[in-house]
Amino acid sequence: MEKLRKSGILKIICYILIPILVAILMLSLFHFTYLRRSKKEENAYVQTENFANNYLYFFIRTLYDCQTVRREDKFIELEDEKGNSYYYSDQRIYYNEGEIGNYIYYIIVEKETQKKFTNIKSNNYEETINSMQKETKNVYWNLINGKIETNLNYINQDNIKYNYNYNQVQYYGSEEQKTEWKDYDIYSFYQEDESILSSNFLWNRNICDFMLQHKQLPFYSSIISLMGLVIIAIYLFWAIGHKKGKEGITCNTFDKLPYEIVCMISFGMLTMVLAFMVNFFDIYLQTVVIIADLIAYLIGYTICAIWGITTIKRIKSRTFWKSFATYQIGKWVYQKLKKYSNKKPTSKKVFWYYWGFVMISIGLATFFANGMAFLILLIFWVFVYYKIRQYIRKTRRNKRSIRKNLSRK
């Protein structure tokens with residue numbers, strides 16, 4: 001057992017396993033949280049309510065662009081081979097890499113004017129519309145004469161009436177706009193074009209698909225990681241401080257520093273690490289964010305490990321409280337007070353009266369900085385003055401009595 005207790009290799013293995021097991025436990029909890037929001041029948045990202053809501057909201061924004069002056073900013077007017085005009089938009093210019101708007105292809109027909117708005121390149125849009133109506137391979141959503149044809153359950157003909165965005169007025173800056181769906185026919189499908197598929201979107205989609213397809217995984221991983229952490233914690237608490245060739249708890253120079261200073265340094269560095277992580281939240285390159293967060297996580301773990309090791313050593317060597325600077329200062333003050341209080345009883349009593357008066361006055365002035373506190377402080381001073389005068393009279397009477405007794409003898 002002593003070999004296990006003093007094994008440096010086993011301790012290093014534990015220190016390496018801790019951040020891995022903690023990361024697994026945190027990811028398992030995130031997995032649990034995500035599954036609680038999803039439905040049992042959802043097995044892929046495109047089947048989720050979040051995907052359906054984003055899909056619908058894409059068209060709310062696009063129809064707003066078709067109806068307002070933003071049409072000129074987003075669309076350019078072109079002609080097909082038959083001389084029919086249409087409005088074309090390249091969606092990749094207007095959406096971030098992680099938005100599904102990059103992968104939705106559509107033709108919107110304004111019923112009154114028969115104007116077409118699209119992000120599809122075609123020489124014959126009538127044929128394109130016919131082929132889109134036959135779309136079954138990809139995710140599709142069509143609105144034709146007020147009727148919805150789709151394989152997205154959350155925004156089909158029966159369920160779309162429950163969608164908040166579908167029924168509400170949308171606000172764009174200081175403007176408000178109610179989408180009039182009946183005025184348009186919409187033909188659309190979702191296709192992940194490998195040529196424009198971003199790493200950010202691919203990463204997010206794959207994570208969602210993985211979590212939905214492995215619904216039992218977080219249950220097992222959380223139990224295994226938690227059990228591993230408990231076993232490692234018990235072992236390290238038992239083994240930390242013991243080294244080969246030395247008896248008892250071995251403390252280094254760092255373990256002898258005042259504990260308040262150790263805590264201040266640790267918390268200060270952890271704050272810097274958190275600030276470092278926050279600065280990378282706005283970066284769109286997912287790979288950069290992951291690497292930065294991983295580095296920050298390992299640095300934060302190292303700081304916590306050093307703080308935890310020195311704390312355990314101090315506890316096991318029974319120097320935890322003694323390592324506090326405040327304890328050392330308090331002990332020194334106590335010794336001085338004790339030395340002074342060993343003098344004559346009268347001096348001792350006056351001494352405690354004086355310091356009690358000072359401390360209570362400071363407390364009242366600090367915690368109750370208002371008119372009522374000043375009144376209370378004034379009453380307290382009067383009371384203390386009365387008690388001191390009373391004590392002085394009593395002392396004088398005692399002195400007189402002693403003198404009379406001595407004179408009689």
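Up top you'll find the structure we're talking about.
Please read all numbers here as calculations on a predicted model, not as lab measurements.

K.L.:
So what's going on with the pattern of salt bridges? Residues and values would help.
P.N.:
All told, the structure shown has five salt bridges when counted by the stated rule. Note that lysine 6 is salt-bridged to glutamate 247, the shortest N-O span being 4.0 Å. With lysine 6 in the loop between helix 1 (2-5) and helix 2 (8-37) and glutamate 247 in the loop between helix 9 (217-239) and helix 10 (259-278), the pair connects residues that are 241 residues apart, well separated along the chain. The partner of aspartate 185 in a salt bridge is lysine 111, with the nearest N and O atoms 3.7 Å apart. Here the residue aspartate 185 occupies a position in strand 9 (residues 184-190), and lysine 111 occupies one in the loop between strand 3 (104-110) and strand 4 (116-118), the gap between them amounting to 74 residues.

K.L.:
How would you summarise the pairing of strand 9 if you had to cite specific residues and measurements?
P.N.:
Burial within strand 9 is extensive, with seven of its seven residues counted as buried. Neither face of strand 9 is open: one carries Tyr184, Ile186, Ser188 and Tyr190, the other Asp185, Tyr187 and Phe189, and all of them are buried. With seven bridges joining them, strand 3 and strand 9 adopt antiparallel strand pairing. Across the sheet, the residue bridging to isoleucine 107 is tyrosine 187, located in strand 9. Pairing analysis gives three bridges linking strand 5 (residues 139-144) to strand 9, with the strands arranged antiparallel.

K.L.:
Tell me about the packing of aromatic side chains, and please be specific about residues and values.
P.N.:
Scanning the entire structure with this criterion turns up 21 aromatic pairs. Measuring from ring centre to ring centre gives 5.0 Å for tyrosine 87 and phenylalanine 117, while their planes differ by 20°; the resulting arrangement is stacked. Remark: phenylalanine 117 occurs in strand 4 and tyrosine 87 occurs in strand 2 (residues 85-88); sequence separation between them is 30 residues. By the burial criterion, tyrosine 87 is buried, and phenylalanine 117 matches it. Arranged with centres 6.5 Å apart and planes meeting at 80°, the rings of tyrosine 103 and tyrosine 190 form a pair that is edge-to-face. With tyrosine 103 in the loop between helix 5 (91-94) and strand 3 and tyrosine 190 in strand 9, this pair connects stretches of sequence that are 87 residues apart. Given the relative accessible area of 0%, tyrosine 103 is considered buried. In this structure tyrosine 190 comes out as buried when scored by relative accessible area, which is 4%.

K.L.:
How would you explain unusual backbone geometry if you had to name every residue and give the values?
P.N.:
With a phi angle near 60°, glutamine 114 is a residue other than glycine that sits in the positive phi range. Within the fold, glutamine 114 resides in the loop between strand 3 and strand 4. Unusually for a residue other than glycine, asparagine 145 sits at a positive phi of about 50°. As for its placement among the helices and strands, asparagine 145 is situated in the loop between strand 5 and strand 6 (147-150). According to the relative accessible area criterion, asparagine 145 is exposed, its value standing at 57%.

K.L.:
Run through the sheet that holds strand 9, naming residues and quoting values.
P.N.:
Strand order in this open sheet of seven strands is 1-2-4-3-9-5-6, and the pairing throughout is mixed. The open sheet is flanked by strand 1 (76-79) and strand 6, the only strands paired with a single partner. For this sheet the average axis-to-axis angle between neighbouring strands, irrespective of direction, equals 20°. Relative to strand 3, helix 3 (residues 49-67) is tilted by about 45°, and along the sheet it contacts strand 3, strand 4, strand 5 and strand 9. The strands touched by helix 6 (residues 125-133) are strand 2, strand 3, strand 4, strand 5 and strand 9; relative to strand 3, the strand with the most contacts, the crossing angle is about 120°.

K.L.:
Which residues make up helix 2, and what values do they have?
P.N.:
When the terminal C-alpha atoms of helix 2 are compared, their 45 Å separation across 30 residues agrees well with the 44 Å that a helix rising 1.5 Å per residue should span. Leucine 17 marks where helix 2 bends most, by close to 25°; the proline proline 19 follows one to four residues later. Listed as buried for helix 2 are Lys11, Cys14, Ile18, Pro19, Leu21, Leu25, Ser28, His31, Tyr34 and Leu35.

K.L.:
Which residues make up a nonpolar patch on the surface, and what are the values?
P.N.:
Side chains of Ile9, Ile12, Ile13, Ile16, Leu17, Ile20 and Ile24 sit close together on the surface and give an oily, nonpolar patch of about 620 Å² of accessible area. Along the chain, the position of isoleucine 9 falls in helix 2.

Cut-off values and rules
- Residues numbered from 1 in each chain as written.
- Predicted model: local features only at pLDDT ≥ 70, side-chain atom pairs only at ≥ 80, totals over all residues.
- Heavy atoms only, no water.
- Salt bridge = Lys/Arg side-chain N within 4 Å of Asp/Glu carboxyl O.
- Helix = DSSP H or I, 4+ residues; strand = E, 2+ residues; numbered from the N terminus.
- Buried < 20%, exposed > 50% of the residue type's maximum accessible area, 1.4 Å probe, protein only.
- Pairing = 2+ DSSP bridges.
- Phe/Tyr/Trp six-rings, centres within 6.5 Å; stacked < 30°, edge-to-face > 60°.
- Axes fitted to C-alpha atoms, helices over the stretch in contact; angles between N-to-C directions.
- Contact = heavy atoms within 4.5 Å.
- Expected span 1.5 Å × (residues − 1).
- Bend = angle between axes of the 7 residues up to and from the residue.
- Patch = residues over 30% accessible without salt bridge, like charges linked within 9 Å, V, L, I, M, F, W, Y side chains within 5 Å.
- Areas by Shrake-Rupley, 256 points an atom, 1.4 Å probe, with all protein chains shown as cover.

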